Amino acid sequence: MRPVTRRQADHHAARSAATRAQVMSALERLLDSGEAFSEISVQRILEEAGVSRATFYAHFQGKSDVLVRLTDELRESLLALARQWDPGAGGGADRFARFFEEVITIHRAHQGVLTAVREAAAYDSAIGDFYTADLEGFDEAVLRTLLSEQAAGSTPADLDAVAASRIIVWGGAQAIAHHIRVDDGSGDTAFARELARIWWHGAYRRPAGQ
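Rules used throughout
Residues numbered from 1 in each chain as written. Predicted model: local features only at pLDDT ≥ 70, side-chain atom pairs only at ≥ 80, totals over all residues. Heavy atoms only, no water. Helix = DSSP H or I, 4+ residues; strand = E, 2+ residues; numbered from the N terminus. Buried < 20%, exposed > 50% of the residue type's maximum accessible area, 1.4 Å probe, protein only. Areas by Shrake-Rupley, 256 points an atom, 1.4 Å probe, with all protein chains shown as cover. Lys, Arg positive; Asp, Glu negative; His and termini not counted. Charge placed at Lys NZ, Arg CZ, Asp CG, Glu CD. Core = buried A, V, L, I, M, F, W, Y, C linked by side-chain atoms within 4.5 Å. Phe/Tyr/Trp six-rings, centres within 6.5 Å; stacked < 30°, edge-to-face > 60°. Lys NZ or Arg CZ within 6 Å of the ring centre and 35° of its normal. Salt bridge = Lys/Arg side-chain N within 4 Å of Asp/Glu carboxyl O. Axes fitted to C-alpha atoms, helices over the stretch in contact; angles between N-to-C directions. Parallel < 35°, antiparallel > 145°, perpendicular 65-115°, else oblique. Left-handed = near helix turned anticlockwise from the far one by under 90°. Contact = heavy atoms within 4.5 Å. Nonpolar A, V, L, I, M, F, W, Y, C, P; charged D, E, K, R; others polar. Expected span 1.5 Å × (residues − 1).

A.B. asks: Explain the overall build of the chain here, please?
C.D. replies: Looking only at helices and strands, the chain has 9 helices and 0 strands in total. The N-to-C order of helical and strand elements in the chain reads α-α-α-α-α-α-α-α-α. Viewed in the frame of its principal axes, the chain has a C-alpha envelope of about 70 × 45 × 30 Å. A burial count over the chain gives 42% of its 210 residues as buried. Here the chain displays about 11500 Å² of accessible surface, and carbon together with sulfur accounts for 52% of that area. Across the chain, 23 positive and 29 negative side-chain charges occur, with their mean positions spaced 6 Å apart.

Here's what the structure looks like:
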């Protein structure tokens, strides 16, 4: 048998990546159109993507796998923003407000996917574990920042960093999700500003003893 050349391997990899992107885009279009994730069958995804069942299962374990991969890409974009956090860089609450505006913009652009994840997390353990791990990772990042700020003397020593990180991350995620559902976008700037002030003055720069 003739060995596979590097060019052939690269071509195969490119085709596989294109197929995965095609299927993922198909699911996102269906979700964005308002279809509930629970009501979307694999066959519906195949029809939307224009691929065969064999091709689908050569790249994905099932529709939950497609959703997880979509969410994984979204998570990376949000984590890239989170890595830019540096409370000591200046800007205070206003800088956090700009950050949250970017977060809300990303969430609005992928509202269908995020709604599906929250829906499926309740009954699909694979997605539930992924969703929980996602927020836990964010929680850990905020906790590290708060502890670092406490060590530097910028955040009060009497702040319970563990409790504070849980409240602002898990509560913030629910607040953003609810805001996007009930607001047409006109209130995004005000919402981001208030969320930023709550984070900044309620935790990062809370007056000592308050």
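A.B. asks: Explain the nonpolar core to me, please; I cannot follow it from the model alone.
C.D. replies: Generally speaking, a soluble globular protein has its nonpolar side chains buried in company with each other. Counting residues in hydrophobic clusters, the biggest one holds 56 residues, and the most contacted among them are Leu 27 and Leu 67. Within the residue set of this core, elements represented by two or more residues are α1 (6-32), α2 (42-49), α4 (63-82), α5 (92-109), α6 (111-120), α7 (125-151), α8 (161-182) and α9 (188-204).

A.B. asks: Would you mind showing me how to read the packing of aromatic side chains here?
C.D. replies: What characterises a pair of aromatic rings is the spacing of the ring centres plus the angle enclosed by the ring planes. What the rule picks out here adds up to 7 aromatic pairs. Aromatic side chains Phe 96 and Trp 200 sit 5.4 Å apart centroid to centroid with 45° between the ring planes, which places their arrangement in the tilted category. Taken together, the residues Phe 96 in helix α5 and Trp 200 in helix α9 connect sequence positions 104 residues apart. Classification of Phe 96 as buried rests on a relative accessible area of 4%. Of the aromatic side chains, those joined through ring pairs into one cluster are Phe 56, Tyr 57 and Phe 60. One cation-aromatic arrangement involves Lys 63 over Phe 37; the distance from NZ or CZ to the ring centre is 4.5 Å.

A.B. asks: Is there a simple way to explain the pattern of salt bridges in this structure?
C.D. replies: Note that side chains of opposite charge can pair when their charged atoms are close. The final tally for this structure, using the stated rule, is 9 salt bridges. Between Arg 69 and Asp 65 there is a salt bridge whose closest N-O contact spans 3.4 Å. Residue Arg 69 and its partner Asp 65 are both found in helix α4; the two are separated by 4 residues, about one turn of the helix. Take Arg 69: its relative accessible area is 28%, and that puts it in the partly exposed class. Linking Arg 108 and Asp 183 is a salt bridge whose minimum nitrogen-to-oxygen distance equals 3.6 Å. Taken as a pair, Arg 108 in helix α5 and Asp 183 in the loop between α8 and α9 lie far apart in primary sequence, 75 residues in all.

A.B. asks: Can you help me understand the packing of α5 against α8 in this one?
C.D. replies: The geometry of a pair of packed helices is captured by two quantities: the angle between their axes and the separation between those axes. Packing of α5 against α8 brings their axes to within 11 Å, and their N-to-C directions diverge by 60°. Between α5 and α8, the angle falls in the class oblique. At the point where α5 passes α8, the crossing takes the right-handed sense. Here Val 103, Ile 104, His 107 and Arg 108 of α5 come into contact with α8, specifically with Ile 176, His 179 and Ile 180. Grouping the constituent residues of the contact of α5 with α8 by class yields 4 nonpolar, 2 polar and 1 charged.

A.B. asks: For this particular structure, what's the right way to read the side chain of His 179?
C.D. replies: Within the fold, His 179 resides in helix α8. Using a relative accessible area of 7% as the deciding quantity, one classes His 179 as buried.

A.B. asks: When you look at α5 in this model, what are you seeing that I'm missing?
C.D. replies: In an α-helix there are 3.6 residues to a turn, and that puts residues three or four apart on one side. Along its 18 residues, α5 runs 27 Å from first to last C-alpha, staying within 8% of the 26 Å computed at 1.5 Å per residue. Turning to α5, its buried residues number three or more, namely Gly 92, Ala 93, Phe 96, Ala 97, Phe 99, Phe 100, Val 103, Ile 104, Ile 106 and His 107. Next to the buried residues of α5 lie α4, α6, α8 and α9.

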